[in-house]
Amino acid sequence: MTEKLSDIARKTVLEPLIADGWTVDEDRDAISKTYKFDDFTEAFGWMTRAALWAEKWDHHPEWSNVYNKVEVTLTTHDVGGLSSLDAKLARKLDTL
Ligand SMILES: C[C@H](O)[C@H](O)[C@H]1CNC2=NC(N)=NC(=O)C2=N1
């Protein structure tokens, strides 16, 4: 069962993500990042790879794409805030 991150876990888990360009939206208890690519093909290719991981892990990003830019927000709808699944998916997205 997925649970919201505790205050202690939150600090440990979020710090490295913030260092890698993720920002925390405290109001929504979500993290966001904008990825920029050379062109649409690169952006959409990345989204396709990301979508396969999201489906595999049954954890899906909120995202939008305009040409070479992809804006991603991660939060766990089932618990109404950030969980370890968001951190796991964020780390994966950063490696794709
Ligand atoms: C039924 C299904 O497992 C759930 O609705 C999953 C699907 N993908 C999800 N994605 C995200 N981001 N949060 C969720 O709580 C969530 N729940």
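Residues numbered from 1 in each chain as written. Predicted model: local features only at pLDDT ≥ 70, side-chain atom pairs only at ≥ 80, totals over all residues. Heavy atoms only, no water.

S.K.: Sorry if this is basic, but what is going on with the side chain of T75 here?
M.R.: Looking at the secondary structure, you find T75 in the loop between β4 (69–74) and α3 (84–95). For T75, the side chain forms a polar contact with the main-chain oxygen of G81, separated by 3.5 Å. (Helix = DSSP H or I, 4+ residues; strand = E, 2+ residues; numbered from the N terminus. Polar contact = N/O pair within 3.5 Å; in protein donor to acceptor, adjacent residues only side chain to side chain.)

S.K.: Would you take a moment to explain the sheet that holds strand β2 (residues 30–36) for this structure?
M.R.: Picture the strands of a sheet paired through backbone hydrogen bonds; they go either parallel or antiparallel. Spatially, four strands are ordered β1-β2-β4-β3 in an open sheet, and the strand pairing comes out antiparallel. Each edge of the open sheet carries a strand with a single partner, namely β1 (23–25) and β3 (62–66). The average undirected angle you get between the axes of adjacent strands in this sheet is 20°. Inspection of the sheet shows β2 paired to β4 by six bridges, in the antiparallel sense. Within β4, the residue paired with K36 across the bridge is K69. Along the sheet, helix α2 (residues 40–56) contacts β2, β3 and β4; its crossing angle with β3, the most-contacted strand, is approximately 160°. Strand contacts of α3: β2 and β4, with the helix running at about 10° to β2, the strand carrying the most contacts. (Pairing = 2+ DSSP bridges. Axes fitted to C-alpha atoms, helices over the stretch in contact; angles between N-to-C directions. Contact = heavy atoms within 4.5 Å.)

S.K.: Would you mind going over the nonpolar core with me for this structure?
M.R.: Soluble globular proteins tend to pack their nonpolar side chains together in the buried interior. Formed by 19 residues in total, the largest nonpolar core has its most connected members in W22, I31, W46, V72, L74 and L93. Those elements that provide at least two residues to this core are α1 (7–19), β2, α2, β4 and α3. If we ignore the near neighbours within four places in the chain, the residues touching W46 are Y35, F37, W63, V70, V72, L93 and L96. (Core = buried A, V, L, I, M, F, W, Y, C linked by side-chain atoms within 4.5 Å. Buried < 20%, exposed > 50% of the residue type's maximum accessible area, 1.4 Å probe, protein only.)

S.K.: How do you make sense of the site of the ligand when you look at a structure like this?
M.R.: By nearness alone, every residue bordering the ligand is listed as D58, H59, H60, T75, T76, H77 and D78. D58 places a side-chain nitrogen or oxygen 2.3 Å from an oxygen atom of the ligand. One nitrogen or oxygen atom from the main chain of D78 is found 2.7 Å from an oxygen atom belonging to the ligand. Here the ligand, which alone exposes 390 Å², has 66% of that area covered by the protein. A class-by-class count of the residues in the shell around the ligand yields no nonpolar, five polar and two charged. (Near = heavy atom within 4 Å. Areas by Shrake-Rupley, 256 points an atom, 1.4 Å probe, with all protein chains shown as cover. Nonpolar A, V, L, I, M, F, W, Y, C, P; charged D, E, K, R; others polar.)

S.K.: What exactly am I supposed to notice about the pattern of salt bridges here?
M.R.: One pass over the structure, following the stated rule, counts four salt bridges. Ionic pairing is found between E62 and R28, a salt bridge with its closest N-O pair at 2.9 Å. Taken together, the residues E62 in strand β3 and R28 in the loop between β1 and β2 connect sequence positions 34 residues apart. (Salt bridge = Lys/Arg side-chain N within 4 Å of Asp/Glu carboxyl O.)

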